[in-house]
Structure formats: structure tokens, C-alpha cells
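Given next are the chains, with one letter for each unit.
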Amino acid sequence: MILNPAVAIVDKEENGHSVKMTKPVTTTQAKKPEESEISEQLSLLAELGRDFATSLDIDTTLERAIDRISTYVDAEGGALFLLHNENSLLRCEACVGATDITGIELASDHGIVGRCVQLNTGEIVKDVSTDENFDGSVDSQTGYTTKSILCAPLSVNEEKIGAIELINKRGDSGLFDESDLHLLEVLSSSAALAIKNARMAADLVEQEKMRRELELAAEIQRNLLPTTPDSSSPIFGVNVPARTVSGDFFDFFELEDGRIAFCLGDVSGKGMNAALLMAKTASLYRCLGKTSDRPGKLMAHINAEICETSTRGMFVTLVGGIYDPKTKLVRLANAGHEPPLHQLANNKFRQIEAEAPPVGITTLAVPEDGYVEVEVSLEDGPLYIFTDGVTEGKLADGSMFELAGVEKLLTENIDQPLSFRLNSVVNEINRGDGPLHDDITILGLDAVAAGEAILEFEFAAQASELKITRDRLRPWLRNTGVSDAAVKDVVLAVDEACQNIIRHAYGGDSDEKINLKISRQADKLLIYLKDFAAPVDIETIKPRDLKDVKPGGLGIHFISEIMDEVEYLKPDEGIGNLVKMAKIVG
Amino acid sequence: MDHSVTEINGVSIVTLNGDVDLESSPVAREVLLAAANKTAVLVDLAGVDYIDSSGIASLVETLQATKSNGRGFGLVQVSETALRVLELARLDKVFAIYPSVEDGIAGET
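Criteria and cut-off values
- Residues numbered from 1 in each chain as written.
- Chains lettered and ligands numbered in written order.
- Predicted model: local features only at pLDDT ≥ 70, side-chain atom pairs only at ≥ 80, totals over all residues.
- Heavy atoms only, no water.
- Helix = DSSP H or I, 4+ residues; strand = E, 2+ residues; numbered from the N terminus.
- Rg over C-alpha atoms; globule rule 2.2 N^0.38 Å.
- Buried < 20%, exposed > 50% of the residue type's maximum accessible area, 1.4 Å probe, protein only.
- Contact = heavy atoms within 4.5 Å.
- Lys, Arg positive; Asp, Glu negative; His and termini not counted.
- Charge placed at Lys NZ, Arg CZ, Asp CG, Glu CD.
- Areas by Shrake-Rupley, 256 points an atom, 1.4 Å probe, with all protein chains shown as cover.
- Pairing = 2+ DSSP bridges.
- Axes fitted to C-alpha atoms, helices over the stretch in contact; angles between N-to-C directions.
- Salt bridge = Lys/Arg side-chain N within 4 Å of Asp/Glu carboxyl O.
- Phe/Tyr/Trp six-rings, centres within 6.5 Å; stacked < 30°, edge-to-face > 60°.
- Lys NZ or Arg CZ within 6 Å of the ring centre and 35° of its normal.

K.L.:
How should the overall build of chain B be read in this particular structure?
P.N.:
The helix and strand tally for chain B stands at 4 helices and 5 strands. Reading chain B from its N end, one meets helices and strands in the order β-β-α-β-α-β-α-β-α. Scaling as 2.2 N^0.38, a compact globule of 109 residues should have a C-alpha radius of gyration of about 13 Å, and chain B matches this with 12 Å. Projected onto the principal axes, the alpha-carbon positions of chain B cover approximately 30 × 25 × 20 Å. For chain B, buried positions account for 57% of its 109 residues. At a minimum sequence separation of 6, the contacts of chain B that also span at least 24 residues come to 68%. Each charge sign in chain B was given a centre, from 7 positive and 16 negative side chains, and these centres are 10 Å apart.

K.L.:
Looking at this structure, I do not really get the overall build of chain A. What am I missing?
P.N.:
Helix and strand content of chain A: 14 helices and 21 strands. Taking 25 Å as the expected radius of gyration for a compact globule of 586 residues, we find that chain A reaches 37 Å, considerably beyond that expectation. In chain A, which comprises 586 residues, the proportion classed as buried is 49%. In chain A, 65% of the contacts between residues at least 6 apart in sequence involve partners at least 24 apart. Of the roughly 28200 Å² of accessible surface on chain A, a fraction of 50% belongs to carbon and sulfur atoms. For chain A, the centre of its 58 positive side-chain charges and the centre of its 96 negative side-chain charges are spaced 4 Å apart.

K.L.:
Help me understand the sheet that holds strand β20 (residues 565-569) of chain A, please; the structure alone is not making it clear to me.
P.N.:
Sheet strands pair via backbone hydrogen bonds, and the direction of the pair is either parallel or antiparallel. Residue and element names in this part refer to chain A. One open sheet accounts for 5 strands, arranged β17-β18-β19-β21-β20; its pairing is antiparallel. The open sheet has two edge strands, β17 (453-460) and β20, and neither has a second partner. Here the strands of the sheet are splayed against their neighbours by 15° on average, with no regard to which way each runs.

K.L.:
Any chance you could explain the pattern of salt bridges here in plain terms?
P.N.:
When the charged atoms of two side chains lie near each other, side chains of opposite charge can form a pair. Residues and elements named next belong to chain A. Applying the stated criterion across every chain, the model contains 33 salt bridges over all chains. A salt bridge links Glu373 to Arg294; its shortest N-O distance comes to 3.0 Å. Taken together, the residues span a long stretch of sequence, with Glu373 in strand β14 (residues 373-377) and Arg294 in the loop between α7 (272-289) and α8 (295-309) at a distance of 79 residues. Judged by relative accessible area, Glu373 falls into the buried class, the value being 13%.

K.L.:
Quick question: what am I supposed to make of the packing of aromatic side chains here?
P.N.:
Working definition: an aromatic ring pair is given by the centre-to-centre distance plus the angle between the planes. Counting across every chain of the model gives 4 aromatic pairs over all chains. Here Phe457(A) and Phe459(A) contribute two aromatic rings whose centre-to-centre distance is 5.8 Å and whose plane-to-plane angle is 40°, an arrangement assigned as tilted. Across the pair, Phe459(A) and Phe457(A) agree in class, each one buried. When the ring of Phe73(B) is compared with that of Phe95(B), the centres are 6.0 Å apart and the planes differ by 55°; the resulting orientation is tilted. Taken together, the residues Phe73(B) in strand β4 (residues 73-76) and Phe95(B) in the loop between α3 (80-88) and β5 (97-98) connect sequence positions 22 residues apart. Judged on exposure class, the residue Phe73(B) and its partner Phe95(B) are both buried. We note Lys290(A) situated over the ring of Phe253(A); from NZ or CZ to the ring centre the distance is 5.8 Å.

K.L.:
I would appreciate a short explanation of helix α4 (residues 111-119) of chain A in the present structure.
P.N.:
Each α-helix turn comprises 3.6 residues. Residues three or four places apart therefore point the same way. All names here are of chain A. Burial analysis of α4 places 7 of its 9 residues in the buried class, the great majority of the element. Residues of α4 that are buried make contact with β1 (75-84), β2 (89-96), β3 (105-107), β4 (123-125), β5 (149-156) and β6 (159-169). Looking one or two residues beyond α4, the residue adopting positive phi is Asn120, at roughly 55°.

Put into C-alpha cells, the structure is as follows:
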């Protein structure tokens, strides 16, 4: 929340606290201000407060403030100092009068102003020549003679911000008095609050600006990834950044002869520098890759380019390759990346080790003819390439996923489409229950055309089975790429349909079964729920009017609201009931 | 699902946690109606991971019970999941929904 300084100042006037005033000024010391003076002071305060609240440029506002204060107190000159460098330094931010000292810096305990800041006390130095802390160096440079100084700290609740210093009262005596000090203290305590608020507001604006810029960078990065192919594609990839921007990337694109070029990389480090190098490497690969026949050679070119221009100490681990759908052969080269995983028959896996150091370190270790290429036949099984964000990802119980965990999950889901398998790996780590430790990226290649994702199981028609059913449905839906919001809706609709079977078809908990079959093809989810009870009269199944607030009868309404199609059918077997539901998911 | 009931300033705060479904909603219904027979009722839904039509029905029944007794009834800290289901049921405007228990007590007493 940003306090409005104008309001804060009024509060201060009403409550008389929240701003430190270390030197109480009694009426015997200061002459009592006239009513007209008080109203003048108040309007000056309000004006200053408004200025700070509405201005986006603190420097100009500070200048106007010191000008107004000097004029009001009738000083020849004035300067406003703020603390910097963890309060070790005082810098003059604005000044008025004969000598321009804007920008000068002094130790935060130096001179009269330093003393004022350190002791957090306002004071009048009637004759500076007798003050041990007075620094006459500015006077000797400028020829100006400082006679008297009035100084008040800028602080909010013990937090020191700086000080305001006024020099030489106009008029015959040239001396400030207690009433001037009293006035300056009131003005500076209000100014301190306003400066603090303005700084907080500026910080918030800056943070918001940074956040937006980061979002834009993330959008550009997302656009560097290939568009999601349809389910018949032999290649599929998933990237989930741990922060807004990612240091991981993958890409694939079709060459003129129908072969598919692909790459996957991981830039060292995190944050914006990694994101920029990621963008550069991915762009180079896509641009040069369209005319290159040899991934190893292409990667050598990219290595030379990045070595020449990259920031010292940053590198990219990279796998590049070309897949020929006619021969089912993949040729790939590996520059220091996690070994790609080739799934063979009998649930065995083969790791394809890196033959060379990462891209961006040296050109010396790379053979003239390019990185070594190896050939992998997808006839033997699918190929997976991923970053260490996958293997080092944390599971729900806090343990590491590890290669063994990845292999186990890929084996379990071998009959599911490629995209489902990759999502199942990613969703094991990206559960939405906490921040990710690293970007997660996985790319898969499979010669076997993807069928549809299917989940089918039976359970007893009992209320206690419903939670288990929901828990089984959710991860499956997520793995087919259904959004989290749609997952919740679909789970609710299926649950409601099961409840209707338990309550209306079976007449309560039963040992008889419910059969659930759900499949996803392209953007359509198809759900079949079958029971083995006596046929239910379809005419009796109708949603009720929601305007009438009463318990019950909401289930049918939820189903029709969530699903795009609902049909009550007769099972082929001639016994029981069959509900078919369909939903289009993005 | 688990639940707890506390009384603050003559208002029963019924906290439901976990899944309020066909299996657990009879318990929720019983607890809610018992509270509605004694005091104004606030139902804290912050910890509700899942709620179905039977859970919503228990809330509607409690609303009606408190109304007929001239007592207050409100939902507090409604989880995103529960709010979605209330919206589907077009009940998000029917129930008094409060961001906190304190607001709920102030609103229903």
C-alpha cells in the first residue's frame, strides 16, 4: 500500500506522532506563532505533500521543496542532503542560494549537517566560526561567508534519511532563532515522510516495470519454442521454466526433404543472461539448421560463433540431430549434455554418452569435421532427450526423480501416446505445489504413430470409491495436456455421474461395478460410464431450475454445464445403463 | 474430510478440510445442522480441496435452517475450488461470502 503523503501529513498534524522530534521546543524558547502563520505553514505543508505525492521525479520535487522552505524561513540559501551507500555518505540532492553545491558528497558524520544526522537532532549554530564541526572549505572556494546555520534531520520513526540545512537568515542580524528551528523541524519531518513515501512508490513502479519486461522476455522465449504438433507427430517437446524466463530450450522443424531437424539445450546459470544466450543459441540453430545436413558440423559452427562472442564462463550443453521418418533413423551429436535415453525392447534403456565438451567453451576440443555423430534407430524404440531439471527434479516426498524414476515412468506409460509420456514425466515434478528448482525440458521422438490416450478401469459402486477414482483421473487428465481448471471440472462431472449411478441406478452403495473409460483424441475428451443395474428411465433425468434455492438436484446441472455433450445410451450387452459424455479441451 | 467446530462471540465456526463428497457430506450435513440449531454459523472452506453437489446441498440446507431460525449464515475463506463449484451452482451470489472469520462474525451478528 502506498501512503498518500498529503494524507500522512494531515494525520501528523492531527495526531502529533509518527515523526521523531528530538528537541522539544517550548513556548518560552520560541515565540508562539500567530494564527495566520499557522495557516500559512499548514498550506505550505500540504503543498509540499501534494508535490511529493504527484511527482514522478523526486529530484525536481526536492529542489522545489528546498526552495519553498528557504523562502519561507527567509534564509539566503539552503541544501537538502540524503543518505546513500548504506548510510555512510551524505549527498546534496538539491540546493538554493548563492552557491550551488548539488552533487557534493561528504561522510555521513562530517560537518554540522553530519552531526545533525547522526544525533538525529535539529540545531541552530548561531556563529559557525566557533563550531568545531564547521567545514569552511566550500566558503573558501566560493568566497561566500557562512555566518549562521539552521539544520534539521530528515527521519521517519528512527530511520535516518538525511537533513535540511539553511544558511544565513536574511536581514540585519543574519541569525536564526528558535522559532525558525521549530518551523524547520516541522517542515523537515513532513518532508522526510513524503520522501520515504515517494521512494517506496518509485521502488514499486520500478519493480512493476521489471516484472513487465520479464514477462515480455518470457513471451518472446515461448515464441521461440515450436508450436505444439498434432498427435500424429513423431516428435514432441515440453518446456516448463522454473522462473519467468528459461535457460533451457528445444526446437524442431521440417527440412525440405521431409526429414526433421531438432535440438535441445541447457544454458549454464539461470536468469536473464542465461535466457539471452538461450535465445541466441536457439536462433542460430534454427537459422543454420535449415540448410545443414550434418548436425555435428552445424553444432561446431554454433560453437565457434558462441566462443567468439559469448560472455566468459557461460556455456550451453546441446544435443542436435536429424530424424528421417522414412528410414526411422536419427543422427545426433551431443555437446556435453545429459546422455539421451534410448528405450529398447524389454524395458531396457541405453544412454548415449556425450563425446565432446559443451558449446561455448573452446574450439580446440572439437574435431575439424564437427562433433561426432551417432546413429539411433527408432525401430528399436523411442528416444528421449532432457535437461538435468528432469532427473534432478524433486518428487512429492522430497526425493530426487533420478534417471531410474524417469525410466520407470516411461516404461509404465509405454502404451500411451508420446505427448502423454512426456507430460507424465514433467507433471511428476511440476505438480503445482511449490516452486521448481530448475527449468524442465524434455523432447521425445517415436517412430510408432501415436494412438489415442485411453484410461479404463472398474470400481465398486460405492461412495467410498469416489475419492480413489478422482485421484486416478486427475493425473491422467493432466498428462493428456488438459488445463488444471478443466481437470477440476471434468473430475467433478465424472464424480457427479458416478453418484447418480450409485444413488439412482443401484439405489445406494452396491458391490456391483461401474466401468469408466476415458480417452482423448485431438482436442476431444470422450468419457463412457457403464453400470450393470436395471435400466433407468431416461425421461426422469432432467436438471432442475436453479432459481429455486434448494438442496439436491445439482449434479445433473453440473454435468450439463461442464460437458459439451451428454448422451444416455443402452449398452450393447443389453443390460445396465451407459452415459457418454464429451468435452472439447484446448 | 475432517472437520472442527469452534465458537467465537456466539458464532459457530465450522471448518471443513479435504474432500466434501458423497461419502463425507452426511457428516458435514449433521455437523452444520447441529450448529445451525444453536447459533449463527460460519463455514470455513479454506481447506476444502474438493466439494460436489452433495456438499453444496448440505450448505444450502444449513442456510435454510439458519434463515428459518433468524440466525446468520456465511461462508468464509472460500477456496478457489469451492468457489468454482458455487459458481456452477449459481449460488455464489446467494451465500454471504467473507474473506476472513473476523469479517464473517462482523457480518453475521
